[in-house]
Amino acid sequence: DAGITQSPRHKVTETGTPVTLRCHQTENHRYMYWYRQDPGHGLRLIHYSYGVKDTDKGEVSDGYSVSRSKTEDFLLTLESATSSQTSVYFCAISERVSAEAFFGQGTRLTVV
Amino acid sequence: QQPVQSPQAVILREGEDAVINCSSSKALYSVHWYRQKHGEAPVFLMILLKGGEQKGHDKISASFNEKKQQSSLYLTASQLSYSGTYFCGTESTWSGTASKLTFGTGTRLQVTL
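Now for a quick tour of the structure. Just so we're clear, the structure is a prediction, and the values are computed from it rather than from any experiment. (Residues numbered from 1 in each chain as written. Chains lettered and ligands numbered in written order. Predicted model: local features only at pLDDT ≥ 70, side-chain atom pairs only at ≥ 80, totals over all residues. Heavy atoms only, no water.)

### What to know about the overall build of chain A
Formally: A helix here means a DSSP run of H or I that spans at least four residues, while a strand means a run of E at least two residues long, and both kinds are numbered starting from the N terminus. Per-residue accessibility, obtained with a 1.4 Å probe over protein chains only, is compared with the maximum for each type, and a residue is labelled buried under 20%, exposed over 50%, and partly exposed between these values. Note on contacts: a residue pair qualifies if any of its non-hydrogen atoms lie within 4.5 Å across the two residues. In these tables, accessible area is a Shrake-Rupley quantity obtained with a 1.4 Å probe, and a residue counts as shielded only by the protein chains included in the view.
Counting its secondary structure elements, chain A contains zero helices and eleven strands. Seen in sequence order, chain A has helices and strands lined up from the N terminus as β-β-β-β-β-β-β-β-β-β-β. Across its three principal axes, chain A shows a C-alpha extent of roughly 35 × 25 × 25 Å. Here chain A holds 112 residues, and the buried ones make up 51% of them. Sequence separation of 24 or more characterises 55% of the internal contacts of chain A that already satisfy a separation of 6 or more. When the accessible surface of chain A is split by element, carbon and sulfur atoms take 45% of a total near 5100 Å².

So this is what it looks like as structure tokens:
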């Protein structure tokens, strides 16, 4: 199995508080992605990274920011959490363009 | 923009065949297929590249029509283990650096006895 770890696995937070989710990989893969999964919407891309300090927006980036200061870590931050951000968040990694993506186990985030 | 998958859901009896379709409004460089079991992470099945051949994985195969920006996943003689949600992922024409892997809304497949 690919070495990819998400933390925390579960989190409950209050509306208006900042939240940071972490994705850590041991594969030295160049590409890293953050998705959210909601019923009826499938997997939607939030942000992705194609190298250290190289990131770009996905389809649903509003309210989210990311940082990648080193190859192994990709952080997703909700600056001020809202109930609409209650979701399951998946991180994925890929070695190169058009290669298999490996997913982390997901983080279930509940904003109350 | 997410690729569009159809059908949204399908129920099969064991041994029956199924086809899942994926289409995009953008020119595609590659199409990925993944399967997700309930409560688990998506798992890679196969990838089809522009100009590449039809792929196969046991009794699961896929095709990619570059002109129509469509892909189809074929499940033959379905087994109970095929149950899950299938996602297609697409990469639009590559700029040379970035790879934006975008997924569809998924197709829920249930195989029964």
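From this point, the narrative continues.
### A word on the layout of surface pockets
What counts is decided by this rule: The distinction between a cavity and a pocket rests on a 1 Å grid over the protein atoms alone: a 1.4 Å probe fits inside a cavity but cannot get out, while a pocket stays open yet meets protein on both sides within 12 Å along at least five of seven lines, and a residue with an atom within 4 Å of a point counts as lining. Grid points are joined across faces, edges and corners, and a volume is the space filled by probe spheres set on the points. Under this grouping Gly is polar, as are all residues other than the nonpolar Ala, Val, Leu, Ile, Met, Phe, Trp, Tyr, Cys and Pro and the charged Asp, Glu, Lys and Arg.
The calculated volume of the largest pocket comes to roughly 830 Å³. Around the largest pocket sit 34 residues that line it, and Q37 of chain A together with Q36, H38, T85 and R108 of chain B are the ones nearest its centre. Residue classes in the lining of the largest pocket are distributed as six nonpolar, 22 polar and six charged.

### Looking at the packing of aromatic side chains
The cut-off we apply is this: Stacked, tilted and edge-to-face pairs are distinguished by plane angle, under 30 degrees for stacked and over 60 for edge-to-face with tilted covering the rest, among Phe, Tyr and Trp rings (Trp via its six-membered ring) whose centres lie within 6.5 Å.
If you walk through the whole model with that rule in mind, you get eleven aromatic pairs over all chains. Plain terms: the ring middles of Y34 of chain B and F44 of chain B are 5.5 Å apart, the flat faces sit at 70° to each other, and that makes the pair edge-to-face. One end of the pair, Y34 of chain B, is in strand β4 (residues 28–36); the other, F44 of chain B, is in strand β5 (residues 43–49), with ten residues separating them in the sequence. Comparing Y34 of chain B with F44 of chain B, the two get one shared label, buried. Connected via pairs of aromatic rings, a cluster forms that spans Y33, Y35, Y48, Y50, F90 and F103 of chain A together with Y34, F44 and F103 of chain B.

### Concerning the interface of chain B and chain A
What counts, and what does not: The term buried area refers to how much accessible surface (probe radius 1.4 Å) is lost by two components on association, counted for both of them together. A carboxyl oxygen of Asp or Glu within 4 Å of a side-chain nitrogen of Lys or Arg is what we treat as a salt bridge. Polar contacts here mean pairs of N or O atoms no more than 3.5 Å apart (in protein, one a potential hydrogen donor and the other a potential acceptor; neighbouring residues in sequence count only if both atoms are side-chain atoms).
Contact residues are listed per partner, giving 25 residues for chain B and 24 residues for chain A. The contact between chain B and chain A buries some 1900 Å² in all, and 61% of this surface belongs to carbon and sulfur atoms. Taken together, the links from chain B to chain A amount to zero salt bridges. For the pair chain B and chain A, the number of links is eight residue pairs in polar contact (both at pLDDT 80 or more). Take the side of chain B that touches chain A: its biggest share by element is five residues, from β4 of chain B. Partitioning the side of chain B that touches chain A into residue classes produces twelve nonpolar, ten polar and three charged.

### With respect to the pairing of strand β8 (residues 73–78) of chain A
Residues and elements named next belong to chain A. Rule in force here: At least two bridges found by DSSP between two strands are what make those strands a pair.
Counting buried positions along β8 gives five out of six residues, so the element sits mostly inside the fold. Note that strand β3 (residues 19–25) and β8 share six bridges and pair antiparallel. Bridged to R22 within β8 is L75. As paired elements, strand β7 (residues 64–70) and β8 share five bridges and run antiparallel to each other. Among the inter-strand pairings, S67 is bridged to a residue of β8, identified as L75. Between the antiparallel neighbours β7 and β8 lie two residues.

### Overview of the pattern of salt bridges
All names here are of chain A. The tally for this structure, following the rule as stated, stands at five salt bridges over all chains. A salt bridge links D38 to R44, with the shortest nitrogen-to-oxygen separation between them at 2.9 Å. D38 sits in the buried class, given a relative accessible area of 12%. Between D73 and K70 there is a salt bridge, with its nearest N and O atoms 3.7 Å apart. The exposure class assigned to D73 is buried, which follows from its relative accessible area of 8%. Each of R22, K70 and D73 takes part in salt bridges that share partners, so that together they form one network.

### As for the state of the cysteines
Residue and element names in this part refer to chain A. We count it as follows: Note on disulfides: each one is a pair of cysteine sulfur atoms within 2.5 Å.
Considering all chains together, one arrives at two disulfides over all chains under this definition. The disulfide partner of C23 is C91, and the S-S distance across this bridge is 1.9 Å. Measuring handedness by torsion sign, the sulfur bridge of C23 and C91 sits at about -75° and is left-handed. Of this pair, C23 sits in strand β3 while C91 sits in strand β9 (residues 87–94), placing them 68 residues apart in sequence.

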